[in-house]
There are 2 protein chains.
Amino acid sequence: MRGIAHLARELGVSTATVSRALNGNPNVNAATRQTVLEAAQRLGYAANQAARSLAQGVTHSVGFMIELDQESTTSTDYFFMGVVEGMQAVLAAHGLDLLVLPCAKSQDNFTYLQRFVSRGAVDGMILAETRRIDRRIDLLQSSGIPFVTLGRSDSGSGYSWIDLDFEGVMATAVDRLVQGGHRRIAVTLPSGDANYGSIFAEAYRDSLARHGLAFDEDLVILTRRREDDGDAVVDGLLDRPDPATAIILFYEVTAIGIYRRLAERGLRPGRDLSIIGFRGEDSVRFLTPQVTCFHLSLPDIGTAAARALLAQLPLAAPASSSGIVQCRVPLSLVPGESDGPVPAGQA
Amino acid sequence: MRGIAHLARELGVSTATVSRALNGNPNVNAATRQTVLEAAQRLGYAANQAARSLAQGVTHSVGFMIELDQESTTSTDYFFMGVVEGMQAVLAAHGLDLLVLPCAKSQDNFTYLQRFVSRGAVDGMILAETRRIDRRIDLLQSSGIPFVTLGRSDSGSGYSWIDLDFEGVMATAVDRLVQGGHRRIAVTLPSGDANYGSIFAEAYRDSLARHGLAFDEDLVILTRRREDDGDAVVDGLLDRPDPATAIILFYEVTAIGIYRRLAERGLRPGRDLSIIGFRGEDSVRFLTPQVTCFHLSLPDIGTAAARALLAQLPLAAPASSSGIVQCRVPLSLVPGESDGPVPAGQA
DNA sequence: CGTAGTATTGTAAGCGCTTACAATGCTAAG
DNA sequence: CTTAGCATTGTAAGCGCTTACAATACTACG
């Protein structure tokens, strides 16, 4: 606690020797190192972080910037923990600390990020909830600090990102439904300005097009991440001359409301309306029939992001090509009974 | 980006003046300050964090240590974001940065904490998931760093903590049930070693005792935070000579499984089994009949913790008595229809 | 025995910023 | 006209650590 000088004096060596011993510098007598390490342990000494950073010009920590949104607080939550877990594991293995930096939705996320970056508080950054147009990316690129984003963006160019394979998910889902004879396939999209909303929407149109199905904007419904929205979805899709026979949910939790509403109307999921959820969530596990959905390992996202960042850090990176990683993490389909072929005699 | 010296040279003043201007030191000519601030803005200058910390001996940041647990990931969940939101708001208002520090369950949380503390990486600490015996508290106390815990512990003494008013919750719940004629009141408790489990259990026994009800350990059931456990709960409580007529749930999500199982047995929540949940959770909102439960503002917990910490920091703390805050945040009962009087003709 | 070469340690110069203290230029009182 | 007193600015000494470079002590060799 009293600094390296204290420890050095105690041992009768110079601070340089202590520093070298502690940092694994090879130019130290093995015996000396041993002594120093023991003494450090005994006296509970740990190098002052600020001093180290200042002297080395490196912080040994990376930031993960997340946004706090009172509204969708519970949604980010689950996603968050799993991802952080993966990141933490990888970074820790490389001697890096992960600092989760929460930015209130109410404050300017650009300024918030800028503070940490320009102050040199972290060696690298990971961003979440990327927007289609996201100034933060330009900021990071121009500042030259290594970074990775969770989610693609149209801003910046040639930077590393990790994203979900929304295209693959959508293609698989639509293929499956079309296979079952569905031609009126609806979709729910997230309200909000994160880029994944747009991507999911595009993938939807593309997939329909591939099968020669017309796009009908009446089959597109914006939802929040709440079960309540199910009523509107069901009534909106079925009470029309050309009702939808299937729906793909961005927020799987919507299934709860849909199931309830269907039950009220005496209808059954998988027969009267085929439902495919996007991302297997605990809160939907108990529904009967089981929701057909796509699964995903949250920690894997985190490790992927962390690795992508490591590739850019001046650590043991053996000149790994460009160092840029752009990866769409695939999700696997977990068949349930919430979807099925169009009943004979229906459109 | 190029340091305060660069800025100073650019302006033809000394670094001291620049520093003073930037830090709001009153001994600077107003005009000079203006010039400096403008130049800093224009050149995108921001003081190096490490250098500041080293010179000032203060980091202007506080850590919030959380534990990542793949298993119970969903438990910490929902809790996290809301609480962080409150903390962040209060701390930011005082010019402090909040660093969320995730510790993998697999690694030693004591060592993890120690690193950040002894390195002087933060000015203060907030701990979550306090254990009944928690060495981290002793560590923090002996290190002298200001800290607050979310949850009580038997370790340490005279430190600040914020916790939920489990006692109040339990008393209210039991009172309400007894009022309805219940005398066989069961409870579910969290498995795991966090202290709140023990506290909830004690409060349960105390409340029963207050009403002269005997404690029966058969009425105590350990659950995880999953809806599945409902089956065991229902069958275990009802299939016995002296069945329980009511149950208080630590994890409200258990209600989902209970409802399902009751339905399978042709029974109805609120009539055949009274249910009171502990903490209103989104995932249970959709159940019918609505679960009677206790509500809580997550951000309030966060702000309370942050304030308790601020009281210990050498900021604008006007000698606030001892600076120690120990507070049990009350929860409000939100009546639903999942509980009711014991039907006539029953035990 | 002298010397180049190697292993180990010490010396001291920063890293970029803050801040006590000294210095300067004024203003206003004597 | 002098000088005490205030406002403003500059000078320079660290903060605790790392690291280039110098110094020292050995070892092995010719």
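Our structure is the block above this text.
These figures come from a predicted structure and were not determined experimentally.

Thresholds applied
- Residues numbered from 1 in each chain as written.
- Chains lettered and ligands numbered in written order.
- Predicted model: local features only at pLDDT ≥ 70, side-chain atom pairs only at ≥ 80, totals over all residues.
- Heavy atoms only, no water.
- Contact = heavy atoms within 4.5 Å.
- Salt bridge = Lys/Arg side-chain N within 4 Å of Asp/Glu carboxyl O.
- Polar contact = N/O pair within 3.5 Å; in protein donor to acceptor, adjacent residues only side chain to side chain.
- Near = heavy atom within 4 Å.
- Nonpolar A, V, L, I, M, F, W, Y, C, P; charged D, E, K, R; others polar.
- Helix = DSSP H or I, 4+ residues; strand = E, 2+ residues; numbered from the N terminus.
- Buried < 20%, exposed > 50% of the residue type's maximum accessible area, 1.4 Å probe, protein only.
- Pairing = 2+ DSSP bridges.
- Right-handed = clockwise from strand over helix to strand, strands pointing away.
- Least-squares fit on C-alpha atoms with pLDDT ≥ 70 in both.
- Phe/Tyr/Trp six-rings, centres within 6.5 Å; stacked < 30°, edge-to-face > 60°.
- Lys NZ or Arg CZ within 6 Å of the ring centre and 35° of its normal.
- Axes fitted to C-alpha atoms, helices over the stretch in contact; angles between N-to-C directions.

Colleague: Sorry if this is basic, but what is going on with the interface of chain B and chain A here?
Modeller: How large an interface is tends to be reported as the accessible area lost when its parts come together. Each partner contributes to the interface: chain B provides 48 residues, whereas chain A provides 45 residues. Taken together, the connections running from chain B to chain A amount to four salt bridges. The partner of Asp 97 of chain B in a salt bridge is Arg 119 of chain A, with the nearest N and O atoms 3.1 Å apart. Linking chain B to chain A there are 13 residue pairs in polar contact (both at pLDDT 80 or more).

Colleague: Help me out: how do you make sense of the protein's contact with DNA strand D in this one?
Modeller: If you check the shell around DNA strand D, you find 25 residues, and the closest are Ile 4, Ser 19 and Tyr 45 of chain A together with Thr 17 and Thr 32 of chain B. Here a phosphate oxygen of DNA strand D and a side-chain polar atom of Asn 23 of chain A are 2.9 Å apart. Asn 48 of chain A places a polar main-chain atom, nitrogen or oxygen, 3.4 Å from a phosphate oxygen of DNA strand D. Among the residues forming the surface near DNA strand D, the class breakdown is 11 nonpolar, 11 polar and three charged.

Colleague: What am I meant to see in the environment of Leu 139 of chain A here?
Modeller: Residue and element names in this part refer to chain A. Along the chain, Leu 139 falls in helix 7 (residues 135-143). Overall, Leu 139 belongs to the buried group, its relative accessible area being 12%. Considering only alpha carbons, one finds Leu 139 and Arg 260, 121 residues apart in sequence, at a separation of 46 Å.

Colleague: Teacher, can you tell me more about the protein's contact with DNA strand C here?
Modeller: Neighbouring DNA strand C are 25 residues, the closest being Thr 17 and Thr 32 of chain A together with Ile 4, Ser 19 and Tyr 45 of chain B. Looking at DNA strand C alone, sugar and phosphate atoms form 63% of those within 4 Å of the protein. The backbone of Asn 29 of chain A places a nitrogen or oxygen atom 3.0 Å from a phosphate oxygen of DNA strand C. Here Ala 51 of chain B contributes a backbone N or O atom positioned 3.4 Å from a base nitrogen of DNA strand C. Sorting the residues of the surface near DNA strand C by element identifies helix 2 (15-22) and helix 4 (49-56) of chain A together with helix 1 (3-11), helix 2 (15-22) and helix 4 (49-56) of chain B as the ones contributing at least two each. In terms of residue count, the dominant contributor to the surface near DNA strand C is helix 4 of chain B (four residues).

Colleague: Would you take a moment to explain the pattern of salt bridges for this structure?
Modeller: Pairing between side chains of opposite charge can happen when the charged atoms of each approach one another. Under the defined criterion, the tally for this structure stands at 48 salt bridges over all chains. Between Asp 97 of chain B and Arg 115 of chain A there is a salt bridge, with the nearest N and O atoms lying 2.2 Å from each other. In this pair, Asp 97 of chain B sits in strand 2 (residues 97-104) while Arg 115 of chain A sits in helix 6 (residues 109-118), so the two residues belong to two different chains. Arg 115 of chain A gets classed as partly exposed once you look at its relative accessible area, which sits at 29%. The partner of Glu 67 of chain B in a salt bridge is Arg 131 of chain B, with the nearest N and O atoms 2.9 Å apart.

Colleague: Is there a simple way to explain the pairing of strand 7 (residues 220-223) of chain A in this structure?
Modeller: The side chains of a regular strand alternate between the sheet's two faces. All names here are of chain A. Residues Ile 221 and Thr 223 line the buried face of strand 7, whereas the alternating positions Val 220 and Leu 222 sit on a face that is not buried. Bridging between strand 6 (residues 185-190) and strand 7 involves four bridges; their strand directions are parallel. Pairing of Leu 189 across the sheet is with Leu 222, part of strand 7. Assessed by its sense of winding, the connection that carries the chain from strand 6 through helix 9 (residues 195-210) to strand 7 is right-handed.

Colleague: Hey, could you run me through the relation of the copies chain B and chain A in this one?
Modeller: Each of the two copies of the chain can be brought onto the other by a rotation about an axis and a shift along it. Taken as rigid bodies, chain B and chain A are interconverted by a rotation of 180 degrees and an axial shift of 0.0 Å, the fit giving an RMSD of 0.1 Å. These values place the two chain copies in the arrangement generated by a two-fold rotation axis.

Colleague: Looking at this model, I keep getting lost on the packing of aromatic side chains. Mind explaining?
Modeller: Any pair of aromatic rings gets described here by the distance separating the centres and the angle formed by the planes. Tallying each qualifying case throughout the model produces 28 aromatic pairs over all chains. Summarising the aromatic geometry, the rings of Phe 166 of chain B and Phe 200 of chain B are spaced 6.1 Å apart at their centres and angled 85 degrees between planes, so their arrangement reads as edge-to-face. Of the two residues, Phe 166 of chain B sits in helix 9 (residues 166-179) while Phe 200 of chain B sits in helix 10 (residues 195-210), which places them 34 residues apart along the sequence. Look at Phe 166 of chain B and you get buried, because its relative accessible area is 2%. With 5.4 Å between their ring centres and 20 degrees between their planes, Tyr 196 of chain B and Phe 250 of chain B make a pair best called stacked. Taken together, the residues Tyr 196 of chain B in helix 10 and Phe 250 of chain B in the loop between strand 8 (246-249) and helix 12 (254-264) connect sequence positions 54 residues apart. Residue class for Phe 250 of chain B comes out buried when judged on its relative accessible area of 6%. Through successive ring pairs, a cluster of aromatic residues spans Phe 166, Tyr 196, Phe 200, Phe 250, Tyr 251 and Phe 278 of chain A. Sitting over the ring of Phe 116 of chain B, Arg 115 of chain B keeps its end group 5.5 Å from the ring centre. A cation over an aromatic ring shows up here: Arg 135 of chain B above the ring of Phe 110 of chain B, its NZ or CZ 3.7 Å from the ring centre.

Colleague: Sorry, what's going on with the sheet that holds strand 8 of chain B here?
Modeller: Sheet strands line up and pair through hydrogen bonds in the backbone, either parallel or antiparallel. All names here are of chain B. Taken in spatial order, the six strands of this open sheet run 7-6-8-9-10-12, and their pairing is mixed. Of all strands in the sheet, those with a lone pairing partner are strand 7 (220-223) and strand 12 (332-334), marking the two edges. Taking each pair of neighbouring strands and ignoring which way they run, the sheet shows an average axis angle of 20 degrees. Bridging between strand 6 (residues 185-190) and strand 8 involves three bridges; their strand directions are parallel. Each residue of the ladder has a partner; that of Ala 186, found in strand 8, is Ile 247. Contacts between helix 11 (residues 230-238) and the sheet are confined to strand 6, strand 7 and strand 8, with strand 7 contributing the most and set at about 170 degrees to the helix.

Colleague: Whenever I open this one, the pairing of strand 1 (residues 61-68) of chain B confuses me. Can you help?
Modeller: All names here are of chain B. Burial analysis of strand 1 places eight of its eight residues in the buried class, which makes it a mostly covered element. With burial as the criterion, each face of strand 1 is covered, one bearing Ser 61, Gly 63, Met 65 and Glu 67 and the other bearing Val 62, Phe 64, Ile 66 and Leu 68. In the sheet, strand 1 pairs with strand 2 via eight bridges, with the strands oriented parallel. In the sheet register, Leu 68 faces strand 2, and the bridge partner there is Ala 104.

Colleague: Help me out: how do you make sense of the side chain of Thr 303 of chain A in this one?
Modeller: Residue and element names in this part refer to chain A. Relative to the elements of secondary structure, Thr 303 occurs in helix 12 (residues 298-310). According to the relative accessible area criterion, Thr 303 is buried, its value standing at 16%. Sequence-distant contacts of Thr 303, defined by excluding residues within four places in its chain, comprise Gly 86, Met 87 and Val 90.

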